[in-house]
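Chain by chain, the residues run as shown.
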Amino acid sequence: MASTGENETPARGVLHRLLSIFAEVKPREVFSVLVLTLNVFLLLTGYYLLKVVREPLILAGGGLEIGGQKLDLDGPEVKAYAAAGQALLLVGVVRAYGAMARRFGRMQLTTALTLFFAGNLVLFFFLARLGVPLGVPFYLWVGCFNLTVIAQFWSFANDVYSPEQGKRLFAIVGIGSSLGAMFGAQIAKRIYVPIGPYNMMLVAAGVLLACLWLTYLVHRDDLAGPDGGEKKADAPPGGAAGGFKIIAGDRYLLLIAALTLVLNWVNSTGEYILDRTLIESATSALGQERAPAAAGEEAPAGAAGADPGAPLAAGADPGAPLAAGAPVYLVDPEASRLLEGKIAAVKGAAFDVEAGGKVVEGAEKGLVHPRTEKGKKAALGAIIGTFKGDFFYWVNTLGVVLQLFLVSRIFKYFGVRFALFILPTIALLGNASLAVLPALAVVRVAKIAENSTDYSVQNTARQALFLPVGRDAKYSAKAAIDTFVVRAGDVLAAVGVIVGQVLALSVRHFAVVNIALALAWLGVVVGIAREHKRRAGDEPGAEDLKAA
């Protein structure tokens, strides 16, 4: 494992003092923690590139075919079925990974996994050039890639650092994860149009190869440490048993699996609540402000003889030029809603729109859409896009702040076990607020608080739970938990949504379900805290957890 010697060069001295702002770092650890942080930064950047590519492929052209016949399903339906299919696919992935972990040392395992996924991206690029539909296959692949490669990274970090080192240094490594998510989303947004989705696959493949090189640098640094690590590093880390068997035979790992399951169940149900509330809020104003046709007013083009206040035909062209009097949808991005109205005046690329009982002057072209089915979809897309962009910005920004300035201090003064209680408490309070007032503003604040804490405090604490376990658990069992169990939580949430639709449950009912799950989550954390104390020894905040 990485040594903690005190030898220090001038360059490392400066970096050492800089890193000490965020967590306690010893001079000999500066190189490994910086390289690991850069590594996970690039991994998350590459993942967000692929995530942005994935969404239009699955939503706009799912490519779901059986027997050569393309199924008549909308993109969101295809995505939902594909998400459930990922859990089944990951059973095979976990078994294959476990078999590799029983045969290869950690560097050989990382190299094989990285080259496999980078080669897949090159293959997808050429298949796309041949016109092969990639929506569903690529969606399934990205789900496996994300969970497997990132789980492998944290397994490697757990193997390099001792439990004492991990408690201190994972807070800094987590900064790379948070910043990578922010940077990846922004760069993907900027390069999607100029280079196209398929070239972005090649960019991501290059990022993976850079990550492999960084992993090798940390591996070599670990071997060069005073305590050595060559014998351990070359030994296959997977153990004799597979990941599922290891979990089944260890109460501590079973509790971690239960934590992961319920966490993703609550999170996915919360995402459904957010999306449902957003759509309801966006469409709540429709039909409330129909402007009647003025006497003698001409019908707009595309709706001859029709009332300007009535919708156009579903097949009308949403891109047709709009003239005064044309019935339109007006996007209100501030309130995340659509208004029905008509154009009062055309001013170049802007419009004055009479909607909601007033005239909105100078509305941008992207905010005004013909009142057709296609126009409504485009307008809803504009609302969802602006809302989610703002939502992700605040989630990532708050997550970075938490990771930079709070995570290491929580670990230092209160301990890993205390940190595990923070997210379920936030989820419990957030869903209790939703049960009382299921408004979009409340859902937004609750999910920003929940997701930012999940990506920072919770993620770092959950990774640290594997520090006191054996190497077989760090690789095989962790891979099973971070892949199959994560997706199993998503599947349970999807089943809950289906049942809720059959029973016509409201947002309040789903919030109550999440309250019950959050209480169960807290119970699981209590069990983990007791097992972790037995394995890892006492740490700050232990007395507080005894009371819990």
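Please refer to the structure placed before this passage.
Reference entry: report on the structure contained in this document.

Conventions we followed
Residues numbered from 1 in each chain as written. Predicted model: local features only at pLDDT ≥ 70, side-chain atom pairs only at ≥ 80, totals over all residues. Heavy atoms only, no water. Helix = DSSP H or I, 4+ residues; strand = E, 2+ residues; numbered from the N terminus. Buried < 20%, exposed > 50% of the residue type's maximum accessible area, 1.4 Å probe, protein only. Contact = heavy atoms within 4.5 Å. Areas by Shrake-Rupley, 256 points an atom, 1.4 Å probe, with all protein chains shown as cover. Phe/Tyr/Trp six-rings, centres within 6.5 Å; stacked < 30°, edge-to-face > 60°. Salt bridge = Lys/Arg side-chain N within 4 Å of Asp/Glu carboxyl O.

The next point concerns the overall build of the chain. The secondary structure content of the chain amounts to 18 helices and 7 strands. Each of the 548 residues in the chain was classed as buried or not, and the buried ones make up 51%. A separation threshold of at least 6 residues defines the contact pool for the chain, and within that pool the share at least 24 residues apart is 77%. With an accessible surface of roughly 23,600 Å², the chain has 64% of that area assigned to carbon and sulfur atoms.

Okay, the packing of aromatic side chains next. Enumeration according to the criterion identifies 16 aromatic pairs in this entry. Relative to Phe117, the ring of Phe116 lies with its centre 5.3 Å away and its plane at 75°, an arrangement referred to as edge-to-face. Ring geometry for Phe244 and Phe484: centres 5.6 Å apart, planes at 90°, overall edge-to-face. One end of the pair, Phe244, is in helix α9 (residues 243-248); the other, Phe484, is in helix α16 (residues 471-502), and 240 residues separate them in sequence. Residue Phe244 is classed as partly exposed on the basis of its relative accessible area, which comes to 27%.

Evaluated as defined, the whole model comprises 12 salt bridges. When the shortest N-O distance is used, the salt bridge between Arg535 and Asp250 registers 2.6 Å. Pair noted here: Arg535 is in helix α17 (residues 507-536) and Asp250 is in the loop between α9 and α10 (251-283), with a separation of 285 residues, a long-range link. By relative accessible area, which is 30% here, Arg535 ends up partly exposed. Take Asp250: its relative accessible area is 16%, and that puts it in the buried class. Residues Arg251 and Glu531 are paired through a salt bridge, measuring 3.4 Å at the closest nitrogen-oxygen approach.

All we've got here are geometric facts, nothing functional implied.
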